[in-house]
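Architecture at a glance
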Amino acid sequence: APFTSKRGPRSHNKGRGARRPGVLTSNRKFLLLRPMVPHFVVPELAACELKAYVSYRAAAGAEPPLTARRLFDEAVAPRIERDVRDGVFQEGELQRYGFEETQEGKLFRLFPKNYVR
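Overview of the structure. (Residues numbered from 1 in each chain as written. Predicted model: local features only at pLDDT ≥ 70, side-chain atom pairs only at ≥ 80, totals over all residues. Heavy atoms only, no water.)

Here the focus is the packing of aromatic side chains. In this description, an aromatic ring pair is defined by two values, namely the gap between the centres and the angle between the planes. Within this structure, the stated rule accounts for 1 aromatic pair. Consider the rings of F89 and Y97, whose centres lie 6.0 Å apart with planes at 35 degrees: the pair is tilted. (Phe/Tyr/Trp six-rings, centres within 6.5 Å; stacked < 30°, edge-to-face > 60°.)

Spelled out as structure tokens, the structure:
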């Protein structure tokens, strides 16, 4: 038979793997701890035009996946081309376009060729 809360001792609560939001004191009273209570921050969605649910039968997206090359071509390349055309492009000032020489302190290292291994 499956192990359920009916088969264990009175203190056993199988639940779904969540911890209780408090502790039991020595005299078996439950003490609720506010920092352990989950607090959900939900934005106001009254003016949102998006639907909350997408059907599994929805058609697949027609747009190709976003790659680093496509992101560069759409976001950075037009600015560089405009600056070259205007004559204000300087190769040493790539920080204006989002280039970072080191990735230290970043959660993800986006450009592996930019840091020494």
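Picking up where we left off.
Within the element layout of this structure, R19 appears in the segment before β1 (22-24). Relative accessible area serves as the criterion here: at 71%, R19 is assigned to the exposed category. Between the C-alpha atom of R19 and that of V37, which follows or precedes it by 18 residues, the distance is 9.9 Å. (Helix = DSSP H or I, 4+ residues; strand = E, 2+ residues; numbered from the N terminus. Buried < 20%, exposed > 50% of the residue type's maximum accessible area, 1.4 Å probe, protein only.)

Before going further, it helps to examine the pattern of salt bridges. Taken as a whole and judged by the stated rule, the model has 4 salt bridges. Of the charged contacts in the structure, one is a salt bridge between R70 and E74, with a shortest N-O distance of 3.0 Å. In this pair, R70 and E74 are both assigned in helix α1 (residues 68-86), 4 residues apart and thus about one turn of the helix distant. A salt bridge links D83 to R96; the nearest nitrogen and oxygen atoms lie 2.9 Å apart. Pair noted here: D83 is in helix α1 and R96 is in the segment after α1, with a separation of 13 residues, a long-range link. Taken together, the shared-partner salt bridges in this structure form one network comprising E63, R70 and E74. (Salt bridge = Lys/Arg side-chain N within 4 Å of Asp/Glu carboxyl O.)

What is shown is where atoms sit, not what they do.
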